[in-house]
Amino acid sequence: MQKIIQKGFEIYPGLLPRSDQQGLVSDLRACLQQAPLFAPRTPGAKPMSIRMSAAGRLGWVTDQRGYRYEPRHPDGMGWPPIPAAVLAIWAQVTGLDRQPDCCLINWYGQSARMGLHQDKDEGDFAFPVVSISLGDDGLFRMGNVERGGKTESIWLGSGDVVVMGGAARLAYHGIDRIRFGSSTLLPKGGRINLTLRVVR
Ligand code: MD6
Ligand code: FE
């Protein structure tokens, strides 16, 4: 598999063949029937532009009470198990026996974006975060462990996988915009990003 390293982020372009991407989409549709996408708000009550859900023992949520992991969806149901095909990708790119506790599911519509942030609500930063992109292209910006400084960007396409570990584990990153309609994987367009995390 081809691997690009940019600012410490390990990027596997086109790791997932189209048939695997289609299988993941159908697995995720089943997850979202159990735990539907919701519109998160930041602790400051600002609506986020993405919609979100999760699979696994814990899901990441945000509301007036802050950013945190919870064993239940905001509507009260448990999160579905992480699909086996998703766990297989985690094992392939990390080589770890430990499975992730959370598969965060982010859905980007036409004008959705994700501001520069660090993923720091997990208990052990020795474990990497793995991200899987499906559907439309997203412009991924990679920064530094400290806020500010030079950034680099790369378009993530459907089937691309990114591993954020080591020194890059706490680096700032975000999605500036998506190229709506650039992929035919999702019939109505949009981008799905999965991030797999060991929480504790
Ligand atoms: C996204 N990804 O690609 C947003 N976080 O839509 C993330 O925020 C992310 O790609 C941690 C590790 C890898 C990521
Ligand atoms: Fe992140």
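Everything here concerns the structure above.
These notes cover the structure that comes with them. Not measured: the values here are computed from a predicted model.

What counts, and at which threshold
- Residues numbered from 1 in each chain as written.
- Chains lettered and ligands numbered in written order.
- Predicted model: local features only at pLDDT ≥ 70, side-chain atom pairs only at ≥ 80, totals over all residues.
- Heavy atoms only, no water.
- Helix = DSSP H or I, 4+ residues; strand = E, 2+ residues; numbered from the N terminus.
- Rg over C-alpha atoms; globule rule 2.2 N^0.38 Å.
- Buried < 20%, exposed > 50% of the residue type's maximum accessible area, 1.4 Å probe, protein only.
- Contact = heavy atoms within 4.5 Å.
- Lys, Arg positive; Asp, Glu negative; His and termini not counted.
- Charge placed at Lys NZ, Arg CZ, Asp CG, Glu CD.
- Phe/Tyr/Trp six-rings, centres within 6.5 Å; stacked < 30°, edge-to-face > 60°.
- Expected span 1.5 Å × (residues − 1).
- Arc of directions from axis to C-beta.
- Near = heavy atom within 4 Å.
- Polar contact = N/O pair within 3.5 Å; in protein donor to acceptor, adjacent residues only side chain to side chain.
- Areas by Shrake-Rupley, 256 points an atom, 1.4 Å probe, with all protein chains shown as cover.
- 1 Å grid on protein atoms, 1.4 Å probe; cavity = no way out; pocket = protein on both sides within 12 Å on 5 of 7 lines; lining within 4 Å.
- Sits in = over half its atoms within 2 Å of the grid points.
- Salt bridge = Lys/Arg side-chain N within 4 Å of Asp/Glu carboxyl O.
- Donors = N, O, S within 2.8 Å, 3.2 Å for Na, K, Ca; no water.

**Topic: the overall build of the chain**
Thought 1: Within the chain one finds 2 helices and 13 strands.
Thought 2: Computed over C-alpha atoms, the radius of gyration of the chain comes to 15 Å, within 12% of the 16 Å expected from 2.2 N^0.38 for 200 residues, which places it in the range of a compact globule.
Thought 3: Taken along the three principal axes of its C-alpha coordinates, the chain extends 40 × 40 × 40 Å.
Thought 4: Within the span of the chain, comprising 200 residues, buried residues form 51% of the whole.
Thought 5: Relative to all contacts within the chain whose residues are 6 or more apart in sequence, the contacts with residues 24 or more apart total 72%.
Thought 6: Charge separation in the chain, taken as the distance between the mean sites of 24 positive and 18 negative side-chain charges, equals 6 Å.

**Quick notes on the packing of aromatic side chains**
Thought 1: A complete count under the given rule lists 2 aromatic pairs for this structure.
Thought 2: Judged by centre distance (5.7 Å) and plane angle (85°), the rings of phenylalanine 9 and phenylalanine 140 are edge-to-face. Taken together, the positions of phenylalanine 9 in strand S2 (residues 9–12) and phenylalanine 140 in strand S9 (residues 137–142) put the pair 131 residues apart, joining distant regions of the chain. Note on accessibility: phenylalanine 9 and phenylalanine 140 belong to one class, buried.
Thought 3: Between tryptophan 60 and tyrosine 67, the aromatic rings sit 5.4 Å apart at their centres with planes inclined by 20°, giving stacked as the arrangement.

**Looking at helix H1 (residues 18–34)**
Thought 1: Over its 17 residues, H1 runs 25 Å from end to end, which matches the ideal 24 Å to within 8%, given 1.5 Å per residue.
Thought 2: Every buried residue belonging to H1 is among Gln21, Leu24, Val25, Leu28 and Cys31, and all of these are buried. Projection of H1 onto a plane perpendicular to its axis shows the buried side chains occupying an angular sector of 120°, all on one side.
Thought 3: Lining the buried residues of H1 we find strand S3 (51–56), helix H2 (84–94), strand S6 (102–108), strand S8 (129–135) and strand S13 (191–197).

**Section: the site of ligand 1**
Thought 1: Taken together, the neighbourhood of ligand 1 is formed by Tyr108, His117, Asp119, Val129, Ser131, Phe140, Met164, His173, Ile175, Arg191, Asn193 and Thr195.
Thought 2: A distance of 3.0 Å is found between an oxygen atom of ligand 1 and a side-chain nitrogen or oxygen belonging to serine 131.
Thought 3: Within the contact set of ligand 1, an oxygen atom lies 3.2 Å away from a side-chain nitrogen or oxygen of asparagine 193.
Thought 4: For ligand 1, whose unbound accessible area comes to 340 Å², protein coverage reaches 99%.
Thought 5: When atom positions are compared with the pocket grids, ligand 1 is found to occupy the largest pocket.
Thought 6: When contributions to the shell around ligand 1 are tallied by element, the ones reaching two or more residues are S8, strand S12 (173–179) and S13.
Thought 7: Counting residues per element, the shell around ligand 1 draws most heavily on S13, which supplies 3 residues.

**As for the pattern of salt bridges**
Thought 1: The tally for this structure, following the rule as stated, stands at 12 salt bridges.
Thought 2: With its nearest N and O atoms 3.7 Å apart, the salt bridge here joins lysine 3 to glutamate 10.
Thought 3: The partly exposed category is assigned to glutamate 10, whose relative accessible area is 22%.
Thought 4: Among the salt bridges present, the one from arginine 197 reaches aspartate 119, with a minimum N-O distance of 2.9 Å. With arginine 197 in strand S13 and aspartate 119 in the loop between strand S7 (114–117) and S8, this residue pair connects regions lying 78 residues apart in the sequence.

**Side note on the coordination of the iron ion (ligand 2)**
Thought 1: Here the iron ion (ligand 2) is held by His117 (NE2), Asp119 (OD), Asp119 (OD) and His173 (NE2), and the distances to it run 2.1 to 2.8 Å.
Thought 2: Taken in sequence order, the residues that donate to the iron ion (ligand 2) follow the motif H-x1-D-x53-H. Taken together, the positions of histidine 117 in strand S7 and histidine 173 in strand S12 put the pair 56 residues apart, joining distant regions of the chain.

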